[in-house]
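Spelled out, the chains give:
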Amino acid sequence: MILTGFHSIEEKLRSLKDGTGSGYKLYFSKPGPRVKKILAAAKEAGITAEQTDDKNLDQMVSSLSPALRDHRGVVLEVEGEQKKSVNLVDFDAWLKTADKETCTVVLLDRVTDPHNVGAIIRSCDQFGADLVILPEHKAANNIEDNDVIARTSAGAAAWVPVAVVNNLVRAVEQLKAAGFWVYGADAGGETCGKVDFAQKSVIVMGSEGSGMAQLLEKQCDTIVSIPTCGKIDSLNVSVAAGVLLFERFRRIHLEK
C-alpha cells in the first residue's frame, strides 16, 4: 500500500500511536519544511525514513491512478501487511480525487469468501468500476486471502483500486456527501432494470448469508433487486454483483 500527498501522509501518521509504525516506511527526496514536519511525525511513530531521489519515488507510485502520482517528494509505504497483488488505496485520498462525472463504487459488507471478492473485483474491472470498498473486519482482506483474491480475479485485483475501511457506514456517509447515490442489493428492492442509476453510484452488496447490515441498509437511497425465475432463494453474491455492474455499464456505455 502506497500513500502520497502531504495531507494524507500526515493524517495516517497522526492516527498511529507512538512506536506503532513498524509496518511502515517513509521515503523522501528533498527535506523541505513540510517534509521535515512529516519526518518528525514519522520518528515519533517509530517509522524508518530513507532518503532517495524523485526517479525512485516516481517508480514507486507508477501503479497508482494518475491523480495520486504527484508524490511531492514523499511517499509512505506499508510493508509486510498486505501483498502487492491487491491494488490497495487510501479511501480518504481516493475520495478527494473522485471528480469524474461518472463514477462507480462497489461496497462489500462482510463478504467473507475470498473467491467471491476476487470474482467481484474481476467484474469491476470488466464493467469499469472505479473502487471496491471492504471493511477492515469480518471480510476477506487479510494476507492469506489476498492470493486467493488475486487468482480468482484473474489479475484484476492488481488494477482495480481497493480500499479497506474500519467503518462502512462512515464511508457511505462520506460518499453521499461527495455526491454519490447509494444502491443496496436486496431481493425485496426495485427491479434493477427500472432503476435510473445516478452518475455517481455506490452499489452495496451484503454478506453471503445475512445480506446487508441494518445500519448500512438505512444509508441506502434505493434498494435494488435482480429479477430471476429459479427455484433457489437467490444468486451468489459475486454473480449478483456482476449483473448489477453490467446493468449500470449498459446504461452508461451502450444506451447512448
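Refer to the preceding data block for the structure.
Owing to the predicted nature of the structure, the values given are computational and were not obtained by experimental measurement.

**Student:** Which parts of the structure should I look at to understand the environment of Met205?
**Tutor:** Structurally, the position occupied by Met205 is in strand E9 (residues 200-205). Take Met205: its relative accessible area is 3%, and that puts it in the buried class. Considered as a pair, Met205 and Ala185 are 20 residues apart in the sequence and their alpha carbons are 5.6 Å apart. Each residue touching Met205, except ones within four places of it in the same chain, is listed here: Val106, Leu107, Leu108, Asp109, Val111, Ala185, Val237, Ala240, Ala241 and Leu244.

**Student:** Looking at this model, I keep getting lost on the sheet that holds strand E4 (residues 74-78). Mind explaining?
**Tutor:** Pairing between the strands of a sheet is mediated by backbone hydrogen bonds and can be parallel or antiparallel. Strand order across the open sheet formed by 4 strands is E1-E4-E2-E3, with mixed pairing between neighbours. Sheet topology places strand E1 (2-4) and strand E3 (48-51) at the edges, where each strand pairs with a single neighbour. Taken over all neighbouring pairs, the strand axes of this sheet differ in orientation by 25° on average, direction set aside. Of the strand pairs in this sheet, E1 and E4 are connected by 3 bridges, and their pairing is antiparallel. Its bridge partner lying in E4, Thr4 is registered against Val75. Most of the contacts of helix H2 (residues 33-44) go to strand E2 (residues 24-28), to which it runs at about 160°, and overall it touches E2, E3 and E4.

**Student:** Would you explain the side chain of Asn116 in this entry?
**Tutor:** Looking at where Asn116 falls in the secondary structure, it is placed in helix H5 (residues 114-126). Once residues within four sequence positions are removed from consideration, Asn116 is found in contact with Val111, Glu208, Asn236, Val237 and Ser238.

**Student:** Is there a simple way to explain the pattern of salt bridges in this structure?
**Tutor:** Opposite charge on two side chains permits pairing when their charged atoms draw close. Evaluation of the coordinates by the stated rule reveals 8 salt bridges. Ionic pairing is found between Glu10 and Arg34, a salt bridge with its closest N-O pair at 2.8 Å. Of this pair, Glu10 sits in helix H1 (residues 6-15) while Arg34 is found in helix H2, placing the two residues 24 residues apart along the sequence. Take Glu10: its relative accessible area is 10%, and that puts it in the buried class. Close ionic contact of Asp109 with Arg110 constitutes a salt bridge, the shortest N to O distance being 3.1 Å. Beyond isolated ion pairs, a larger network of salt bridges with shared partners links Glu247, Arg250 and Arg251.

**Student:** Which parts of the structure should I look at to understand the nonpolar core?
**Tutor:** For soluble globular proteins, the rule of thumb is that nonpolar side chains tend to be buried together. In this structure, Val106, Leu108, Ile121, Cys124, Val132 and Met205 are the most contacted members of the largest nonpolar core, which totals 29 residues. Counting only elements with at least two residues in this core, the list comes to strand E5 (103-108), H5, strand E6 (131-135), strand E8 (181-191), E9 and helix H9 (237-254). Considering every element that reaches this core, the biggest residue donor is H9, with 5 residues. Not counting the four nearest positions on each side in its chain, Ile121 is found in contact with Val132, Ile149, Ser153, Ala156, Ala157, Val160 and Val162.

**Student:** In this structure, what is going on with the packing of H1 against H2? I would like to understand it.
**Tutor:** Two packed helices can be described by the angle between their axes and the distance between those axes. Following both chains from N to C, one finds H1 and H2 inclined at 20°, their axes separated by 10 Å at the closest point. It follows that H1 is roughly parallel to H2 by the angle criterion. For the element pair H1 and H2, the recorded crossing hand is left-handed. Along its contact with H1, which presents Phe6, His7, Ile9, Glu10 and Leu13, the element H2 presents Arg34, Val35, Lys37, Ile38, Ala41 and Ala42. Of the residues that constitute the contact of H1 with H2, the class distribution is 7 nonpolar, 1 polar and 3 charged.

**Student:** Got a minute to help me understand the packing of H5 against H9 in this structure?
**Tutor:** Their axes nearest at 8 Å, the elements H5 and H9 cross at an angle of 10°. Judged on the interaxial angle alone, H9 and H5 are roughly parallel. Crossing hand, H5 versus H9: right-handed. On the side of H5, the interface is formed by Asn116, Ala119, Ile120, Ser123 and Cys124, while H9 contributes Val237, Ser238, Ala241, Gly242 and Leu245. Of the residues belonging to the contact of H5 with H9, the class tally is 6 nonpolar, 4 polar and no charged.

Rules behind the numbers
Residues numbered from 1 in each chain as written. Predicted model: local features only at pLDDT ≥ 70, side-chain atom pairs only at ≥ 80, totals over all residues. Heavy atoms only, no water. Helix = DSSP H or I, 4+ residues; strand = E, 2+ residues; numbered from the N terminus. Buried < 20%, exposed > 50% of the residue type's maximum accessible area, 1.4 Å probe, protein only. Contact = heavy atoms within 4.5 Å. Pairing = 2+ DSSP bridges. Axes fitted to C-alpha atoms, helices over the stretch in contact; angles between N-to-C directions. Salt bridge = Lys/Arg side-chain N within 4 Å of Asp/Glu carboxyl O. Core = buried A, V, L, I, M, F, W, Y, C linked by side-chain atoms within 4.5 Å. Parallel < 35°, antiparallel > 145°, perpendicular 65-115°, else oblique. Left-handed = near helix turned anticlockwise from the far one by under 90°. Nonpolar A, V, L, I, M, F, W, Y, C, P; charged D, E, K, R; others polar.

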